[in-house]
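Structural overview for review
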Amino acid sequence: MSLGNREGEEDEDAEPEELPDWNAEIIPASDGKACFLCFVCLFALLAKRFFLYDEGGMTVKTFLMCLLMAITMLIVGCGGTDQPKNERAEKGEIVISVGKYMVGEGFDPTVGWGLWGPDPFHSALMMHDAKNQLVKDLATDVQRSADGLKYTFTIRSDAKFSDGQPLTAEDVAFTYETTKKAGSAVDLAVLESVRVLSPTQVEFTLSKPWSVFLETTASLGIVPKHVYKEGYATAPVGSGPWKVVSFQKEQQVIMEPNEYYYGEKPKLKKVTVLNLGDDAILAAAQSGQVDLVFTPPEFASASVPNMKLVLMDSIDSFCINMPQEPEHDENGMLIGNNVTSDPAIRTALNIGIDRRTIIENALAGFAKPTMNFAEALPWANNALQEKDNRVDEAVKILEDAGWKDTDGDGIREKNGVKAEFVINGRANDLQRYNTAVALAQDAKKLGINIIAKSTPWSEARKIARNIPTTWAFGDFTPQVIYNYYHSSQVGVNIINNSAIYRNPTVDAHIDRALAATSEEEALREFKAAQWDGTTGPKADIPYLWIATLQVPYLVNERLELGHLRVGERGQGMGILANLDEWQWK
């Protein structure tokens, strides 16, 4: 398998101050009075929004953040528009900020690096091309046995690590053995053995057929056996197009082209990646400190001189898990949910909410409504997509199921249980929290009261089988269908199948898909697992899907990004998938 679950392996950073979703038009000003008026209006708007989202009122920290953001946006709105001389462009260098992962714990593929976004430093046996099709990378030939248990790879002979040493089959075997032993997010449970046949040939033996194994090999970068040791993550030696020159954990990484890379060389000479908090993004862009920055949707509408807004379509979708069983105790933990376990609640929400309104309120419009995995994924069954905001139909479903508002408080109840439940939004991912807030607001029209809470990820994921949370699901491999829908995965890796979804027919489709020996059969069964015309997630609603994300960046007008891919969000770093193509014009 390609992953245990990327969500379960994300590092828990310090939680930033929660910011609300807001959208303000920047009013041009040409004199001091106008600028002062802009400042007063902006500060008032920001302060009002913070009051709405902070139950305890405005703290000193919140006040200062409002002040800083208002000043920054005032500068942006009143600043000049002349393109300054850019010494970095003349040197072929850029400074960027693309979220926390590129400056997180380090870059070791054997413990999960490269699963939640592109890996510029390591090559893998397979890769996804510009159209997200699975193609060979280090591999020059792949042979699969008729029973699907053996894969023999021939690898290229000209591949070298960034220290100039050749990459051989020994390194491939070492990487997979080390990864399996680590028991990390890269799930190699079906890998029985790996054997070196020659310096350029390696054979994998699986314990059972696993149709997604080639996808696994696209997600695991190869590490060098001759220098791999404790601490490798902070000083990686890969065979990818880029190498790490300097790394300061959670602060910055400096990367340069790997002169030994076997493929087309990057066009830039140096890339510095900074870790900028949300409150520093606009100031850094306005001052010219960065040439590209991942920006929260609420900042993307700001007019920053000499920078343009670029949207990257992604394969990541936000959804809420809907626990299918009533609340009960399991080994000392509360499991299940007395409200979401009712099919009427799940169905009413699925067809009754207005996803476009939720997207406008939570994500400033930077997403597309969805009822399933991203449509761009070849294995996603688009039969799950249908019209929403069918309020009258949703209300009838609730009424017929016995959910009625008998006391006039606007919240339905049934058998003494109110149609009310909590959704946790990840505390250090504002977009997920805002999505929960906007969903709660929209669901009121159905008589369902959702309470959105900002919760640390370390806690939210552990209690998700009881208290729903906002997930970001996006992966190239259909193995995620197994992770999230197969009954055997309930509780695995803490968060797999957090909906407690159990459907024997769906399990059978997934089992046949994984055991398939042809891509056509696997694809057909994976799609049937989502909806076969009779049963599946389309009817059962284990997850309430909301939006497929578009990821906003502010980019220097002179920086050419080439052909952007429909990629992983990676909380901002997904845009690096085609970093090799970037260049100054």
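Residues numbered from 1 in each chain as written. Predicted model: local features only at pLDDT ≥ 70, side-chain atom pairs only at ≥ 80, totals over all residues. Heavy atoms only, no water.

1. As for the overall build of the protein
Of regular secondary structure, the protein possesses 17 helices and 23 strands. Partitioning the intrachain contacts of the protein with sequence separation of at least 6 by distance along the chain shows that 72% fall at a separation of at least 24. Counting every atom, the protein has about 23100 Å² of accessible surface; 51% of that belongs to carbon and sulfur. (Helix = DSSP H or I, 4+ residues; strand = E, 2+ residues; numbered from the N terminus. Contact = heavy atoms within 4.5 Å. Areas by Shrake-Rupley, 256 points an atom, 1.4 Å probe, with all protein chains shown as cover.)

2. A short note on the pairing of strand S21 (residues 543-556)
Counting buried residues in S21 gives 14 out of 14 residues, a clear majority hidden from the surface. By the bridge criterion, three bridges tie strand S11 (residues 292-294) to S21 in an arrangement that is antiparallel. Looking at the pairing, Leu-292 lines up with Val-555 of S21. As paired strands, strand S12 (residues 307-321) and S21 are joined by twelve bridges and run antiparallel to one another. Counterpart to Leu-309 in the pairing with S21 is Leu-554. Bridge analysis of strand S15 (residues 367-369) against S21 gives three bridges, and the strand direction is antiparallel. (Buried < 20%, exposed > 50% of the residue type's maximum accessible area, 1.4 Å probe, protein only. Pairing = 2+ DSSP bridges.)

3. Considerations on the sheet that holds strand S6 (residues 191-198)
Spatially, S4-S5-S7-S6 is the arrangement adopted by the four strands of the open sheet, whose pairing is antiparallel. Since the sheet does not close on itself, it has two edges, and those belong to strand S4 (139-144) and S6, each with one partner. Taking the axes of each pair of neighbouring strands and ignoring which way they run, one obtains an average angle of 20° across the sheet. Summarising the sheet, S4 and strand S5 (residues 150-155) pair through five bridges and their orientation is antiparallel. Counted as the bridge partner of Gln-143 is Thr-152 from S5. (Axes fitted to C-alpha atoms, helices over the stretch in contact; angles between N-to-C directions.)

4. Some points on unusual backbone geometry
In the Ramachandran plot, Asn-331 falls in the positive-phi region, its phi being about 55° despite a non-glycine side chain. One can find Asn-331 in the loop between strand S13 (328-330) and strand S14 (333-335). Within the chain, Ile-494 stands out as a residue other than glycine whose phi angle is a positive 75°. Note on placement: Ile-494 falls in the loop between helix H14 (479-485) and helix H15 (504-515).

5. Quick word on the packing of H15 against helix H16 (residues 519-530)
For the pair H15 and H16, the least separation of the axes is 8 Å and the interaxial angle reads 160°. By the angle between their directions, the pair H15 and H16 is classed as roughly antiparallel. Between H15 and H16 lies a crossing of left-handed hand. Contact residues: H15 offers Val-506, His-509, Ile-510, Arg-512, Ala-513 and Leu-514, while H16 offers Glu-521, Ala-522, Glu-525, Phe-526, Ala-528 and Ala-529. Tallied by class, residues from the contact of H15 with H16 come to eight nonpolar, one polar and three charged. (Parallel < 35°, antiparallel > 145°, perpendicular 65-115°, else oblique. Left-handed = near helix turned anticlockwise from the far one by under 90°. Nonpolar A, V, L, I, M, F, W, Y, C, P; charged D, E, K, R; others polar.)

6. As for the environment of Lys-225
On the secondary structure map, Lys-225 appears in the loop between helix H6 (213-219) and strand S8 (242-248). Along the backbone, Lys-225 and Ala-173 are 52 residues apart, and their C-alpha atoms lie at a distance of 9.1 Å. Leaving out residues up to four positions away in the same chain, Lys-225 has contacts with Glu-170, Asp-171 and Phe-174.

7. Observations regarding the packing of aromatic side chains
The full count for this structure, using the stated rule, is 25 aromatic pairs. Aromatic pair Phe-107 and Phe-247: ring centres 4.9 Å apart, planes at 65°, arrangement edge-to-face. Here Phe-107, found in the loop between strand S1 (93-97) and strand S2 (126-128), pairs with Phe-247, found in strand S8; they are 140 residues apart in sequence, far enough to count as distant. Take Phe-107: its relative accessible area is 0%, and that puts it in the buried class. With centroids separated by 5.2 Å and ring planes inclined at 80°, the aromatic side chains of Trp-457 and Trp-471 adopt a geometry described as edge-to-face. Taken together, the residues span a long stretch of sequence, with Trp-457 in helix H13 (residues 457-460) and Trp-471 in strand S20 (residues 470-473) at a distance of 14 residues. Accessibility assignment for this pair places Trp-457 and Trp-471 in one class, buried. The rings of Phe-373, Trp-379, Trp-457, Trp-471, Phe-473, Tyr-484, Tyr-485, Tyr-501, Tyr-543 and Trp-545 are connected pair by pair, giving a single aromatic cluster. Between the NZ or CZ atom of Arg-432 and the centre of the ring of Trp-457, over which it lies, the distance is 5.2 Å. (Phe/Tyr/Trp six-rings, centres within 6.5 Å; stacked < 30°, edge-to-face > 60°. Lys NZ or Arg CZ within 6 Å of the ring centre and 35° of its normal.)

8. Let's talk about the confidence of the model for the protein
Mean pLDDT over the protein: 88, with 85% of residues reaching 70 or higher. pLDDT under 50 marks residues 1-66. Its contacts with residues more than four places away, or in other chains, come to 161 contacts. (pLDDT = per-residue confidence, 0-100.)

9. Looking at the nonpolar core
Among the nonpolar cores identified, the biggest contains 101 residues, and Val-98, Met-102, Phe-204, Leu-292, Phe-373 and Trp-582 are the most heavily contacted of them. Once you skip the residues sitting within four places of it in the chain, Met-102 turns out to touch Phe-107, Trp-113, Phe-121, Phe-247, Val-253, Met-255, Val-273, Met-573 and Leu-576. Membership of the second largest hydrophobic core comes to 34 residues, among which are Ile-423, Ala-436, Ala-547 and Leu-549. (Core = buried A, V, L, I, M, F, W, Y, C linked by side-chain atoms within 4.5 Å.)

10. Remarks on the packing of helix H10 (residues 355-363) against helix H12 (residues 430-443)
Interhelical geometry of H10 versus H12 gives an angle of 135° and a closest axis separation of 8 Å. The angle between H10 and H12 falls in the class oblique. As H10 packs across H12, the resulting crossing turns out to be right-handed. Seen from H10, the contacting residues are Thr-357, Ile-358, Asn-361, Ala-362 and Leu-363; seen from H12, they are Gln-431, Asn-434, Thr-435, Ala-438, Leu-439 and Asp-442.

11. Observations regarding the environment of Leu-214
Within the secondary structure layout, Leu-214 lies in helix H6. Along the chain, Leu-214 and Leu-134 lie 80 residues apart, while their C-alpha atoms are 8.3 Å from each other. Residues within four places of Leu-214 in sequence aside, it is in contact with Met-126, Leu-134, Val-142, Tyr-151 and Phe-153.

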